[in-house]
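Remarks on the overall topology
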Amino acid sequence: DPQGRFSIDPQFGIIRSKKQLDHETQSVVVLTVQSQLGNPPVYSSTQVNISVIDINDNPPVFLTKSDKVTISHTQPPGTAVYVAHAEDKDSGLNGAIKYSIASKQPNTFSIDPSLGVVNLTRTVFADKQQEYTLHIAAEDCGSPPLTSSLMLDSLAVKIVILDINDNSPSFTSSPLSYVMEDVEVGFLVHRIIAKDPDEGRNGQVTYHILSGNENKAFVLDKITGLLSTARLLDREIQERYSLAVMALDDGSPALSTTQVLTIIVLDVNDETPIFLKQLYETAVHENQDPGESVIKVEAVDRDAGLNSLLRYEILPGAGYEKFKMNSDSGELVTTASLDRETQEVFSIKGNCEISMSACKMGSEDGSTAQLYLAVLDENDHNPLFAKTQYQISVREDLEEGSAILDLFASDKDDGLNGEVTYSLVDNTFGAFAIDSVTGSIVTTKALDRETKSQYTFRAVASDCSTHLPRSTTVMTVLIQDVNDNAPKFEQSYYKASVWEGQSPKTDIIQVFATDLDIGLNGETEYSILSGNEDATFLIDSTRGILATNTVLDHENTSSYREMTSSHCLVLLASDRGTPSLNSTATVLITVLDVNDNPPVFSSLEYHIHVKESIPVGSHITEVSANDCDAGTNAKITYAMISGNDRGHFRLDEKTGSVDLMKTLDYEDTMKFTLIVQAT
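In short, a report on the structure. Not measured: the values here are computed from a predicted model.

Notes on the overall build of the chain
What the chain contains, in helices and strands, is 0 helices and 56 strands. By the compact-globule yardstick of 26 Å for 679 residues, the chain is too spread out, its C-alpha radius of gyration being 80 Å. Each principal axis of the C-alpha distribution contributes one length, and for the chain these read about 245 × 125 × 35 Å. Across the 679 residues of the chain, 38% fall into the buried class. Of the contacts made within the chain by residues no fewer than 6 positions apart, 66% connect residues no fewer than 24 positions apart. For the chain, the accessible area works out to roughly 38800 Å², and carbon and sulfur atoms hold 51% of it. Of the charged side chains in the chain, 50 are positive and 98 negative, and the gap between their average positions amounts to 9 Å.

Remarks on the packing of aromatic side chains
Considering all chains together, one arrives at 13 aromatic pairs under this definition. Between the aromatic rings of Phe62 and Tyr99, the centroid separation amounts to 6.3 Å while the plane-to-plane angle is 45 degrees, which identifies the pairing as tilted. With Phe62 in strand β5 (residues 61-62) and Tyr99 in strand β9 (residues 97-101), this pair connects stretches of sequence that are 37 residues apart. Relative to Tyr494, the ring of Phe489 lies with its centre 6.5 Å away and its plane at 75 degrees, an arrangement referred to as edge-to-face. Like Tyr494, Phe489 is buried. An aromatic cluster of at least three residues, connected via ring pairs, comprises Phe429, Phe432, Tyr455 and Phe457. Over the aromatic face of Tyr455 sits the side chain of Lys452, whose NZ or CZ is 5.4 Å from the ring centroid.

So, the pattern of salt bridges
Scanning all chains against the criterion turns up 13 salt bridges. Of the charged contacts, one joins Asp1 and Arg5 as a salt bridge, the two residues approaching to 3.7 Å between their closest N and O atoms. Judged by its relative accessible area of 36%, Asp1 is partly exposed. Judged by its relative accessible area of 12%, Arg5 falls in the buried class. The partner of Asp426 in a salt bridge is Arg458, with the nearest N and O atoms 2.9 Å apart. Of the two residues, Asp426 is situated in the loop between β36 (421-424) and β37 (432-434) and Arg458 in strand β39 (residues 454-462); the sequence distance between them amounts to 32 residues. A relative accessible area of 25% means that Asp426 is categorised as partly exposed. Assessed through its relative accessible area of 37%, Arg458 is described here as partly exposed. Overlapping salt bridges bring together Arg235, Glu236, Glu239 and Asp267 as one network.

Description of the side chain of Asp627
Mapping Asp627 onto the fold places it in the loop between β52 (625-626) and β53 (638-642). With a relative accessible area of 7%, Asp627 lands in the buried category. At 2.9 Å, the side chain of Asp627 forms a polar contact with the backbone nitrogen of Asp629. Once residues lying within four places of it in the same chain are set aside, the contact partners of Asp627 are Asn595, Asn597, Pro598, Pro599, Asn633, Ala634 and Ile636.

What to know about the sheet that holds strand β49 (residues 582-592)
Two modes of strand pairing occur in sheets, parallel and antiparallel, and in both the strands are linked by backbone hydrogen bonds. The strand order across the open sheet formed by 4 strands is β42-β49-β48-β45, and the pairing between neighbours is mixed. The open sheet has two edge strands, β42 (493-499) and β45 (524-530), and neither has a second partner. Averaged over all pairs of adjacent strands, the angle between strand axes in this sheet comes to 30 degrees, irrespective of strand direction. In this structure, strand β48 (residues 566-575) lies alongside β49, joined through 9 bridges in antiparallel fashion. Across the sheet, residue Cys568 finds its bridge partner in β49, namely Leu588.

Observations regarding the environment of Ile295
Note that Ile295 resides in strand β25 (residues 293-296). Ile295 sits in the buried class, given a relative accessible area of 15%. Between the C-alpha atom of Ile295 and that of Asn417, which follows or precedes it by 122 residues, the distance is 24 Å. Residue contacts for Ile295: discarding those within four places in its chain leaves Tyr280, Thr282, Gly330, Glu331, Leu332 and Leu371.

Examining the sheet that holds strand β10 (residues 109-111)
On the basis of which strands lie adjacent, the open sheet formed by 3 strands has the order β7-β11-β10 and antiparallel pairing. The sheet is open, and its two borders are formed by β7 (80-83) and β10, each paired with just one other strand. With direction set aside, neighbouring strand axes in the sheet form an average angle of 25 degrees. In this structure, β7 lies alongside strand β11 (residues 117-120), joined through 3 bridges in antiparallel fashion. Each bridged residue has a counterpart across the sheet, and for Val83 the counterpart in β11 is Val117.

Re the side chain of Thr443
Along the polypeptide, Thr443 turns up in strand β38 (residues 440-443). For Thr443, a relative accessible area of 2% corresponds to the buried category. Within the structure, the side chain of Thr443 is placed 2.9 Å from the backbone oxygen of Glu399, a separation counted as a polar contact. Discounting chain neighbours no more than four positions away, the residues touching Thr443 are Leu398, Glu399, Glu400, Gly401, Ser402, Ile404, Ala431 and Phe432.

Points about unusual backbone geometry
Excluding glycine, a negative phi dihedral is what most residues carry, and trans is how most peptide bonds are arranged. With omega at -5 degrees, the peptide bond leading from Ser143 into Pro144 counts as cis. Topologically, Pro144 is positioned in the loop between β12 (130-140) and β13 (155-162). Along the chain, Thr578 connects to Pro579 via a cis peptide bond; the corresponding omega equals -5 degrees. Assignment of secondary structure puts Pro579 in the loop between β48 and β49. Positive phi outside glycine occurs at Phe429, with the angle close to 55 degrees. With respect to the helices and strands, Phe429 occurs in the loop between β36 and β37. Phe429 gets classed as partly exposed once you look at its relative accessible area, which sits at 46%. Not every positive phi belongs to a glycine, and Ala535 is a case in point at roughly 55 degrees. Relative to the helices and strands, Ala535 resides in the loop between β45 and β46 (537-539).

What counts, and at which threshold
Residues numbered from 1 in each chain as written. Predicted model: local features only at pLDDT ≥ 70, side-chain atom pairs only at ≥ 80, totals over all residues. Heavy atoms only, no water. Helix = DSSP H or I, 4+ residues; strand = E, 2+ residues; numbered from the N terminus. Rg over C-alpha atoms; globule rule 2.2 N^0.38 Å. Buried < 20%, exposed > 50% of the residue type's maximum accessible area, 1.4 Å probe, protein only. Contact = heavy atoms within 4.5 Å. Areas by Shrake-Rupley, 256 points an atom, 1.4 Å probe, with all protein chains shown as cover. Lys, Arg positive; Asp, Glu negative; His and termini not counted. Charge placed at Lys NZ, Arg CZ, Asp CG, Glu CD. Phe/Tyr/Trp six-rings, centres within 6.5 Å; stacked < 30°, edge-to-face > 60°. Lys NZ or Arg CZ within 6 Å of the ring centre and 35° of its normal. Salt bridge = Lys/Arg side-chain N within 4 Å of Asp/Glu carboxyl O. Polar contact = N/O pair within 3.5 Å; in protein donor to acceptor, adjacent residues only side chain to side chain. Pairing = 2+ DSSP bridges. Axes fitted to C-alpha atoms, helices over the stretch in contact; angles between N-to-C directions.

Laid out in structure tokens, this is it:
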């Protein structure tokens, strides 16, 4: 009891209230009471619960003194339109509240006494707006009951019956309007009007553009419905606007109606014709007859009607006289046959540009475009070689696959028509071939001038045409000699003879060596390589005539002899090429004998001793003579020219043998002197 609301008698334990208690402040008080007994004292305590019993000392109180609600006149009977609420601090029946309508009213409303719910008891109509003020009283169930006073403490509820927004606005203005494209900004285009039969705010209409005005071309006054231009119009950009316009009332909830307002922008002749392309590119074949269609150009004028009618023409320029243009359709045709090789394109800088103009009917306003016209090639030219014949010289030692000449034939045509292919039409004996694309002539085998020194064949240049004549040139290839052949003697071994004793410079033999090469490579020089150490012989270096250089002696050739009285020479035949090539041949020269040597006995005297008793027929001796000559000149015959008068001896004329023919008698003849002659 911190507030000191109670006291207790210390002797008798009687609890009394000291202050006025308030049930509404604290309905239960819990006191703790302590007792003391004896000395020393003994303590004990107990809890006392005091309930403060409520008395009806608080009347019901409304939290607000007034309130206002609005209801629709279409609400059905039984509809709750308001809930009244009052509070009473008392408890139990003293705090239970009953509600009632204290003011007079024509049984339009009723109230639930327990819940305070005000219900509509009949249908109300708002032909004219009506308003009801109800005074609601609250009374508790205490004894005696307490009540909120009639006018001062009661709740005043104002109930307003309003019109419901049950009609949408309806457009009465036309959904179509026209405006010239050159009107100024702010020009009044159209007035939009919509009607709403509802009253008050439910019938107040405002206007709004929902869509179709994305480019902000128009502005709409939402109150007056006046539609004006907000920016300059251009029919060529947009000739029709479809504005979705909404008429909205101010009801709750608001109702609306939409209308599509079509605005047609009328044309003004303010546009210049424009070609669909600023640069046209096309092609036409050459050699076509005049009147060949080239291209159809088109210009557009964004104006409409008569404002958009155009005429076409060609402006003067290079080559324009070869064309004409249909002024109405814009079709361009040729007036002459075109030749690509004369002029491939109509151009100042490599391209032909024909200026074209499109003008309005009856107006000088117009625009121009450029036409790039290429003349397409027809295969009307055959390839041409620069020369009708070529003559070239190549070395015979050229390697296989070497290029000897690059032929070129020009074709005035273009593309595939001007692509030249090359071929050879004559027999080249497998020596040459031509690259069909480049025209390069190459060797296909090793060349040999000595086998074939000149080739003549034709080269042909063709394009893709199958009917035009081809171009032909004659190729003459001369094979230049290379020193690849050595001189060759007609014989590898020669035999010759010469009489001894001939004067110097006597011709012995003429040898021949042939060289298949030509020029210096085929010019042969002769010389003696060996066997002529004493310069016995000489040879004409040009003609190959071998002659004596000294007087020959058949009997004095021992140092050069292969056999008796012979000379063996090795001859050299060399050409004059670089490097020089050569070959050799052997010449056996026999020195023929001349009978210029008499026989010579091996001894000038022969002394023979024989017994007189030797029988007849015995061999006495043999004489021998030698002759340096040869052949028959050296054949010796022996004869006794004296000393054998009586015939004692016989001499063999061939062998020189001396035999006894008669008996010798020492006493008769002691000595015989025989003179023998060798012939």
